[in-house]
Amino acid sequence: MIARLRGILAESAADHAVLDVQGVGYLVWCSARTLSAIGEVGGDVLLFTEMQVREDAITLYGFGSAGERDAFRLLTSVQGVGGRVALAILSVLDAGELSRAVASGDKAMIARANGVGPKLAMRIVNELKDKMGGVAIGPAGAPVAAAKGGTANDALSALANLGFKPAEASAAVGAAIEELGEGATLDAVVRLALRKAAK
């Protein structure tokens, strides 16, 4: 399983990038949001990845943050949502916006993505409501990830992977970022959030 790639951006297109990792070119399908954030060809790039293996293909999807990858995994758990449709949704909604749309039952927001009709949007809302609705909601009721950017998303993901409940993780990460400030590193945020969550 390839979990992330770091290399030189060799090529960038409308729906994918090619990363040169020590002479090997990896074709990685990405959302428009990620592609616009990774910079110019020739630059150093780190992508979180999800690898899907099927009988007829091995496909690599790339993300600018662990939070975006988590949202992709949730989306592709819904029947009828493949990798390309999930990327189309993440091209128009970031992880925080998707979480808000699911929590509020706003299928019209999700249906803005190419290839997503009203029925599929409703299925996404219904199937993800319990899995995603409460994720990343901070003390003020706004998703921490939306307010604070990718570091918060990645910190939330780290705490979730360690077994903390979404509400606990969100409160701890929100408090850590408030104390450390917006420019804090991921490492510092996770360390402080763990201390706060353990209290």
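Residues numbered from 1 in each chain as written. Predicted model: local features only at pLDDT ≥ 70, side-chain atom pairs only at ≥ 80, totals over all residues. Heavy atoms only, no water.

By the naming in an unreviewed UniProt entry, the chain is Holliday junction branch migration complex subunit RuvA, taken from Rhizorhabdus dicambivorans. UniProt's Subcellular location (unreviewed entry) comment on the chain is quoted here verbatim: "Cytoplasm". (UniProt positions renumbered as here; feature names shortened; annotations may be inferred.)

Concerning the overall build of the chain
Counting secondary structure elements, the chain contains 10 helices and five strands. The buried share of the chain, taken over its 199 residues, is 42%. Restricting to contacts in the chain with at least 6 residues of sequence separation, those with at least 24 account for 51%. (Helix = DSSP H or I, 4+ residues; strand = E, 2+ residues; numbered from the N terminus. Buried < 20%, exposed > 50% of the residue type's maximum accessible area, 1.4 Å probe, protein only. Contact = heavy atoms within 4.5 Å.)

A short note on the packing of aromatic side chains
The description of two aromatic rings rests on the distance between their centres and on the angle between their planes. Taken as a whole, this structure holds two aromatic pairs when the rule is applied. A ring pair is formed by tyrosine 61 and phenylalanine 72, whose centres lie 4.9 Å apart and whose planes are at 40°; its orientation type is tilted. Of the two residues, tyrosine 61 sits in strand 5 (residues 58-63) while phenylalanine 72 sits in helix 2 (residues 66-76), which places them 11 residues apart along the sequence. Each member of the pair, tyrosine 61 as well as phenylalanine 72, carries the same accessibility label: buried. On the basis of an interplanar angle of 50° and a centroid distance of 4.9 Å, the ring pair of phenylalanine 63 and phenylalanine 72 is categorised as tilted. On the basis of relative accessible area, phenylalanine 63 is assigned to the buried category, the value being 0%. (Phe/Tyr/Trp six-rings, centres within 6.5 Å; stacked < 30°, edge-to-face > 60°.)

Let's talk about the nonpolar core
With 29 residues, the main nonpolar core has Leu75, Val81, Ile89, Leu98, Ile110, Val116 and Ile124 as its most contacted residues. At the level of secondary structure, the elements contributing two or more residues to this core comprise strand 5, helix 2, helix 3 (83-92), helix 4 (95-103) and helix 6 (118-132). If one sorts the elements of this core by residue count, helix 3 sits on top with six residues. In this structure, this core is formed jointly by two domains, domain 1 (4-63) and domain 2 (66-134), each of which donates at least three residues. Not counting residues up to four positions away in its chain, the partners in contact with leucine 75 are Val81, Ala86, Ile89, Leu90, Leu98, Ile124 and Leu128. Leu159, Val173, Val190 and Leu192 belong to the second largest nonpolar core, which has 14 residues in total. (Core = buried A, V, L, I, M, F, W, Y, C linked by side-chain atoms within 4.5 Å. Domains from an automatic or database assignment.)

Digging into the environment of arginine 112
Note that arginine 112 resides in the loop between helix 5 (107-110) and helix 6. Separated by 24 residues in sequence, arginine 112 and alanine 88 have C-alpha atoms that sit 9.2 Å apart. When neighbours within four sequence positions are excluded, arginine 112 is seen to be in contact with Val92 and Leu93.

Quick word on unusual backbone geometry
One non-glycine residue with positive phi stands out, namely glutamine 22, at about 50°. Within the secondary structure, glutamine 22 sits in the loop between strand 2 (16-21) and strand 3 (24-30). Judged by its relative accessible area of 81%, glutamine 22 is exposed.

Remarks on the UniProt feature "domain: Helix-hairpin-helix DNA-binding motif class" (unreviewed entry) in the chain
Here, UniProt's "domain: Helix-hairpin-helix DNA-binding motif class" (unreviewed entry) annotation points to residues 73-92 and 108-127. Taken end to end, residues 73-92 is 70% helix and 0% strand, and its first and last C-alpha atoms sit 17 Å apart. What you have in residues 108-127 is 65% helix and 0% strand, and the ends, taken at the C-alpha atoms, are 16 Å apart.

Notes on the environment of glycine 96
Residue placement: glycine 96 occurs in helix 4. Glycine 96 sits 28 residues away from glutamate 68 along the chain, and the two C-alpha atoms are 9.0 Å apart.

Comments concerning the sheet that holds strand 3
One closed barrel accounts for five strands, arranged 1-2-3-5-4; its pairing is mixed. When strand polarity is set aside, the average angle formed by the axes of neighbouring strands in this sheet is 55°. The pairing of strand 1 (residues 4-12) with strand 4 (residues 44-53) spans five bridges and is antiparallel. Directly across from isoleucine 8, in strand 4, lies its bridge partner aspartate 44. Contacts from helix 2 reach strand 4 and strand 5 within the one sheet, and its direction differs from that of strand 4 by about 20°. The strands touched by helix 3 are strand 3 and strand 5; relative to strand 5, the strand with the most contacts, the crossing angle is about 10°. (Pairing = 2+ DSSP bridges. Axes fitted to C-alpha atoms, helices over the stretch in contact; angles between N-to-C directions.)

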